[in-house]
Amino acid sequence: MKTSDFDFHLPDDRIALHPVVPRDAARLLVVRPDATPTLEDRVVRELPALLQAGDVLVVNDTRVIPAALTGFRVRGTSQSRVHANLVRRVAADSWQAFVRPAKRLAVGDEVRFGGADTAAAEPGLVATLEDKANGGLVTLSFNQAGDALDAAVAACGAMPLPPYIANRRPATDADNRDYQTVFAERDGAVAAPTAALHFTPSLLAALEQRRIRRVAVTLHVGAGTFLPVKADAIADHHMHAEWGELTAETAAQLNAARQAGGRIVAVGTTALRLLETAADANGTIHPFSGETDIFIRPGHRFRGVDVLMTNFHLPRSTLFMLVAAFSGLDMMRNAYAHAISVGYRFYSYGDSSLLFPAHELNGDLAGDLT
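Residues numbered from 1 in each chain as written. Predicted model: local features only at pLDDT ≥ 70, side-chain atom pairs only at ≥ 80, totals over all residues. Heavy atoms only, no water.

1. Looking at the nonpolar core
So, point 1. In terms of nonpolar packing, the biggest core is built from 66 residues, with Leu272, Leu275, Ile285 and Phe346 touching the most fellow members.
So, point 2. Here leucine 275 is in contact with Val58, Leu246, Leu254, Ile264, Ala266, Ile285, Gly304 and Val305, once residues within four sequence places are set aside. (Core = buried A, V, L, I, M, F, W, Y, C linked by side-chain atoms within 4.5 Å. Buried < 20%, exposed > 50% of the residue type's maximum accessible area, 1.4 Å probe, protein only. Contact = heavy atoms within 4.5 Å.)

2. Describing unusual backbone geometry
So, point 1. Here the residue pair threonine 36 and proline 37 is connected by a cis peptide bond, since its omega of 0° sits within 30 degrees of zero.
So, point 2. Mapped onto the fold, proline 37 is located in the loop between β1 (27-31) and β2 (39-43).
So, point 3. A cis amide bond links arginine 100 with the next residue in sequence, proline 101, at an omega value of -5°.
So, point 4. Looking at where proline 101 falls in the secondary structure, it is placed in the loop between β7 (94-100) and β8 (110-113).
So, point 5. Its identity as a non-glycine residue notwithstanding, arginine 211 has a phi of 65°, on the positive side.
So, point 6. Relative to the helices and strands, arginine 211 resides in the loop between α5 (201-209) and β12 (213-219).
So, point 7. A relative accessible area of 60% means that arginine 211 is categorised as exposed.
So, point 8. You will see that tyrosine 347, though not glycine, has its phi angle at about 80°, which is positive.
So, point 9. Within the secondary structure, tyrosine 347 sits in the loop between α9 (329-341) and β17 (352-355). (Helix = DSSP H or I, 4+ residues; strand = E, 2+ residues; numbered from the N terminus.)

3. A look at the pattern of salt bridges
So, point 1. What the rule picks out here adds up to 18 salt bridges.
So, point 2. For the salt bridge of aspartate 178 with arginine 177, the shortest nitrogen-to-oxygen distance reads 3.2 Å.
So, point 3. The partner of arginine 333 in a salt bridge is aspartate 330, with the nearest N and O atoms 3.4 Å apart. In this pair, arginine 333 and aspartate 330 are both assigned in helix α9, three residues apart and thus about one turn of the helix distant. (Salt bridge = Lys/Arg side-chain N within 4 Å of Asp/Glu carboxyl O.)

4. Some remarks on the confidence of the model for the protein
So, point 1. Averaged over every residue, the pLDDT of the protein is 91; residues scoring 70 or more account for 94%.
So, point 2. Low confidence marks residues 118-122, where pLDDT is under 50. Its contacts with residues over four positions away, or in another chain, come to 10 contacts. (pLDDT = per-residue confidence, 0-100.)

5. Details of empty space enclosed by the protein
So, point 1. This structure, assessed with the given rule, holds four cavities of 30 Å³ or more.
So, point 2. Put simply, the second largest cavity is a space of about 80 Å³.
So, point 3. Pro193, Thr194, Ala195, Gly268 and Thr269 are the residues nearest the centre of the second largest cavity, which is lined by 12 residues in total.
So, point 4. Taken together, the elements giving at least two residues each to the lining of the second largest cavity come down to α7 (269-278) and β16 (307-311).
So, point 5. Here the lining of the second largest cavity is built from residues that sort into five nonpolar, seven polar and no charged. (1 Å grid on protein atoms, 1.4 Å probe; cavity = no way out; pocket = protein on both sides within 12 Å on 5 of 7 lines; lining within 4 Å. Points joined across faces, edges and corners; volume = space filled by probe spheres on them. Nonpolar A, V, L, I, M, F, W, Y, C, P; charged D, E, K, R; others polar.)

6. Things to note about the environment of isoleucine 296
So, point 1. Checked against the element boundaries, isoleucine 296 lands in the loop between β15 (288-292) and β16.
So, point 2. For isoleucine 296, a relative accessible area of 2% corresponds to the buried category.
So, point 3. Spatially, the C-alpha atoms of isoleucine 296 and glutamate 242 are 14 Å apart, while their sequence positions differ by 54 residues.
So, point 4. Apart from the residues within four sequence positions on either side, isoleucine 296 is in contact with Leu272, Arg273, Glu276, Phe302, Thr318, Met321, Leu322 and Ala325.

7. With respect to the sheet that holds strand β10 (residues 137-142)
So, point 1. Within the closed barrel, the six strands sit side by side as β5-β6-β7-β10-β9-β8. Their pairing is antiparallel. Neighbouring strand axes in the sheet, compared pairwise and without regard to direction, differ in orientation by 45° on average.
So, point 2. In this sheet, strand β6 (residues 78-91) lies alongside strand β5 (residues 68-75) in antiparallel orientation, the contact comprising eight bridges. Paired with threonine 70 across the bridge in β6 is histidine 83. (Pairing = 2+ DSSP bridges. Axes fitted to C-alpha atoms, helices over the stretch in contact; angles between N-to-C directions.)

8. Considerations on the layout of surface pockets
So, point 1. Put simply, the largest pocket is a space of about 1,200 Å³.
So, point 2. Those elements giving two or more residues to the lining of the largest pocket turn out to be β5, β6, β7 and α3 (163-166).
So, point 3. The greatest single-element share of the lining of the largest pocket, amounting to four residues, is contributed by β6.
So, point 4. As a volume, the second largest pocket reaches approximately 450 Å³.
So, point 5. In terms of lining, the second largest pocket is formed by 24 residues, of which the most central are Ile65, Arg89, Trp95, Asp187 and Gly188.
So, point 6. Those elements that place two or more of their residues in the lining of the second largest pocket are β4 (62-64), β6, α2 (146-156), β11 (186-189) and β13 (242-246).
So, point 7. The leading source of residues in the lining of the second largest pocket is α2, at four residues.
So, point 8. Counted by class, the lining of the second largest pocket contains 12 nonpolar, five polar and seven charged residues.

9. Overview of the pairing of strand β9 (residues 125-132)
Within a regular beta strand, the side chains point alternately toward one face of the sheet and then the other, so they alternate between its two faces.
So, point 1. As paired strands, β8 and β9 are joined by four bridges and run antiparallel to one another. Across the sheet, residue phenylalanine 113 finds its bridge partner in β9, namely leucine 125.
So, point 2. Of the strand pairs in this sheet, β9 and β10 are connected by five bridges, and their pairing is antiparallel. Residue leucine 129 lies in a different strand from β10, and its bridge partner there is leucine 140.

What follows is the structure in structure tokens.
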């Protein structure tokens, strides 16, 4: 398939720059390819009524780190401002990062972060550019490592808002709260698992009252997950690897829930990608710890997930390809066209959707999916 098959026009005024308050007041588009009607406009706080007792929500407990850094490239007496977004840790003292303007950097350059408004000031953090790839991706080796590096990044970094927000408004103190989920516990993500941004204590209480359980997995979300696909053919696109973990205890709980007739409900594409990585051909979930670069696109047969809650995604992105694989490309084109026409808010701070699979694409999954 071609990347252009996953393109659509999104008016700028549909891109949400701030979340709704409270979080669970966001709209929720329910997509049921095998039911009538196929589309239903609801609200996130109605989620308990849309699920069943015995279902299990799988949330991602990753925590977004302040991965947006601003500093100065120093080359002799010359200096220029540099912006870096950490993407993936590759060693105790090294990160891959997207930098801009990349053309001003060369291998061996020193970049000073966290000082005052000039590189002459005492820096809080110093990095050497070790490697440079296409698209502004570089490898930075820092003068600190391990916990000391984490502390230095936390001291001089900022919340890494997605470019479709950051390019339209400055970050605020509110983003430190708004761009973090209620499940966030394990530091490591450079982007939020945004479907989980909609959950509130009252919604969690209502889900528990309906006997809908919750387990956590970890996938440290990287910026590459949200990048548009530039290859003409989607098969030529390579996903950035992300580190994830699904424990043996969690795997056992999910398998037992399915055997009892419950459904696995992935809260977000990040949780789904980890579950599909950990599931075998028979749908059994196994423990997993390591990196995954799974690329889910039409033709993928889902084994580990029965229902997906997810926000609305970028045109030509791997995430729109993923939802098209789950519920059908034509179905998702129609769903997005409906969402645009009736004013749903898109992307990280936008509204959400609850997707059910198309049986003809995915075969029989556990539980009653209608």
